[in-house]
Amino acid sequence: MTDTTLTVPAVPTTPDHRLFRGWFETGAPAGLAEHLDRYGPAPLPTDRRDRQALIEAVEQAGLTGRGGAAFPTGVKLRSVAERRGPAVLVVNGMESEPASRKDEALLDLAPHLVLDGAALAAAAVGATAVHLCLPRDEARAAQAAWLAEAVAERRRAGLDPLPVELHLLPHHYVSSEESSLVQWLNGGPARPLATPPRPFEKGVARRPTLVDNVETLAHLALIARYGPAWFRTAGRPDAPGTALVTVSGAVREPGVREVPLGMPLGTLLAGVGGTTRPLGALLVGGFFGSWLPAEQALRVPFAKPALAELGAGPGAGVLVALPAQACGLAETARVLRFLAAQSAQQCGPCRFGLPAVAADFELLAWGTPDGELARRLPHRVGLLAGRGACRHPDGASRLAATALSTFAADVEHHLLAGPCPGTALPPVLVVPDRPAADQEGWR
Ligand SMILES: Cc1cc2nc3c(=O)[nH]c(=O)nc-3n(C[C@H](O)[C@H](O)[C@H](O)COP(=O)(O)O)c2cc1C
Ligand code: SF4
């Protein structure tokens, strides 16, 4: 995959730019003065009635989380707001998904929308502390420094009633899961916690804790200003609003785009200049996502309900176009090896199941499969989901299972004749060279 950081298009591809509005108007990241000129200060709730009204607006807007699970944001806000005692807000800017660059792009181009959203969400749930979590990653060090300055500037301007504390966490795939963030903020390792209690019950400092993705909060900042009816003018009734999508693979202009939810995948690909080669499959959602055959997927709307009918989901807003000559089994084997190395090694499916599935996929892709592989691999994949403390094995299992069905003809070929020519081509999905989680440490 080409490095997609900030490769946003020079001209709008749709009239639905909201989070990237400033970028399209000026071609530059929005500083505080320009942000205030464009939007004015965030309409912070001042009393109980205002707080209720904000939560209701988010519910009516139908905003869903953009961090992976697409869970209704209003439900999360309400469940934290209704708990007793002061709450905590954790802003998830980790973006550990290697095929995604959308949170990084958003924090670069419109950081004050995210920070407005954080101030609003914190006020809505009665939070007395706000933590912004970023990855401890050299490539994003400059961004972290710039965000620290943006936070300080807002504070000087008296915009945020609460200080926003910035934290740099280890950049392992599972360290950005919500209970990992909570455990790290409580002084422990950035590893998922066995649940319950969930963060909304007892999270940071044992307080009710709301964990939200940065993009989710930026949408919330616009809903607070323009209302739920405005929010619903983009997208579909069952998937309202816009979403940031990182598009990569065999496309002419890979990068981050803002699109209305429900846009057919084929239209999304046309919006990035179209494809460079005939496609075999699409990966939707990221490394935890689903492979779909290209011809079946092009008309499918990019929205949770429509994708769910095919067993897929928008995940972290990722779309990868796999050319027909590439080997989907080799691509999947590389990703599974990465996911196995990045697990927290705490639960059975990650200690034993995931490494075994990754090894079987490598054998299928590049080796000489033994007679048992055809039966053993689907069986092992089926044992992964629903057995870990977090959804890491579930995501890996979805990727593996959809690879076996979407590339069924390739599976037959590999079992009978060994590796296909596509296995020798350069990878389409770039698997980052992150150190194995247990070597790097968790603090
Ligand atoms: C292994 C794993 C990794 C995750 N990584 C991220 C991430 O990098 N960023 C993110 O916002 N959510 C991530 N999530 C989802 C978070 O746990 C959490 O659901 C999310 O931050 C909630 O925000 P939202 O409701 O706004 O989507 C991850 C989940 C899992 C299981
Ligand atoms: S399922 Fe895997 S990643 Fe999740 S907590 Fe258990 S060992 Fe860690």
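The structure we're discussing is the one just above.
Residues numbered from 1 in each chain as written. Chains lettered and ligands numbered in written order. Predicted model: local features only at pLDDT ≥ 70, side-chain atom pairs only at ≥ 80, totals over all residues.

**Student:** Help me out: how do you make sense of the packing of helix H4 (residues 73-81) against helix H6 (residues 111-125) in this one?
**Tutor:** A pair of packed helices is characterised by two quantities: the angle between their axes and the separation of those axes. Relative orientation of the contacting elements H4 and H6 amounts to 45 degrees, with a least axis distance of 8 Å. By the angle class used here, H4 and H6 are oblique. Contact residues: H4 offers Leu-77, Val-80 and Ala-81, while H6 offers Ala-121, Ala-124 and Val-125. Of the residues belonging to the contact of H4 with H6, the class tally is 6 nonpolar, no polar and no charged. (Axes fitted to C-alpha atoms, helices over the stretch in contact; angles between N-to-C directions. Helix = DSSP H or I, 4+ residues; strand = E, 2+ residues; numbered from the N terminus. Parallel < 35°, antiparallel > 145°, perpendicular 65-115°, else oblique. Contact = placed C-beta atoms within 7 Å. Nonpolar A, V, L, I, M, F, W, Y, C, P; charged D, E, K, R; others polar.)

**Student:** What's the story with the site of ligand 1 in this structure? I'm lost.
**Tutor:** Around ligand 1, the surrounding shell holds 23 residues, and the nearest of these are Gly-65, Gly-67, Ser-176, Asn-213 and Thr-216. Here the shell around ligand 1 takes 3 residues from strand E4 (residues 209-213), the largest share from any one element. A breakdown of the residues in the shell around ligand 1 according to their chemical character gives 7 nonpolar, 9 polar and 7 charged. Counting contributing residues, the shell around ligand 1 receives three or more from each of domain 1 (21-235) and domain 3 (328-427). (Near = placed C-beta within 6 Å. Domains from an automatic or database assignment.)

**Student:** Hey, could you run me through the environment of Asp-438 in this one?
**Tutor:** Looking at the element boundaries, Asp-438 is found in helix H18 (residues 437-440). Residue class for Asp-438 comes out partly exposed when judged on the 13 C-beta atoms lying within 10 Å of it. Along the primary structure Asp-438 and Glu-104 are separated by 334 residues, whereas in three dimensions their C-alpha atoms are 25 Å apart. (Buried ≥ 20, exposed ≤ 12 C-beta atoms within 10 Å, placed from the backbone.)

**Student:** Is there a simple way to think about the packing of H6 against helix H9 (residues 214-231) in this case?
**Tutor:** Direction vectors running N to C along H6 and H9 enclose 75 degrees, while the axes themselves pass 7 Å from each other. With respect to their mutual orientation, H6 and H9 come out roughly perpendicular. Together, Leu-113, Val-114, Asp-116, Gly-117, Ala-118, Leu-120 and Ala-121 of H6 and Val-214, Leu-217, Ala-218, Leu-220, Ala-221 and Ala-224 of H9 make up the contact between the two elements. Within the contact of H6 with H9, the residues separate by chemical class into 11 nonpolar, 1 polar and 1 charged.

**Student:** How do you make sense of the sheet that holds strand E8 (residues 255-260) when you look at a structure like this?
**Tutor:** The strands that make up a sheet pair up through hydrogen bonds in the backbone, lying either parallel or antiparallel. Read across the sheet, 5 strands follow the order E8-E7-E11-E9-E10 without closing on themselves; strand pairing throughout is mixed. Looking along the sheet, the strands with just one partner apiece sit at the ends: E8 and strand E10 (290-293). Taking each pair of neighbouring strands and ignoring which way they run, the sheet shows an average axis angle of 30 degrees. When strand E7 (residues 242-249) meets E8, the two strands line up antiparallel, connected through 6 bridges. Bridging across to E8, Leu-244 finds its partner in Glu-258. (Pairing = 2+ DSSP bridges.)

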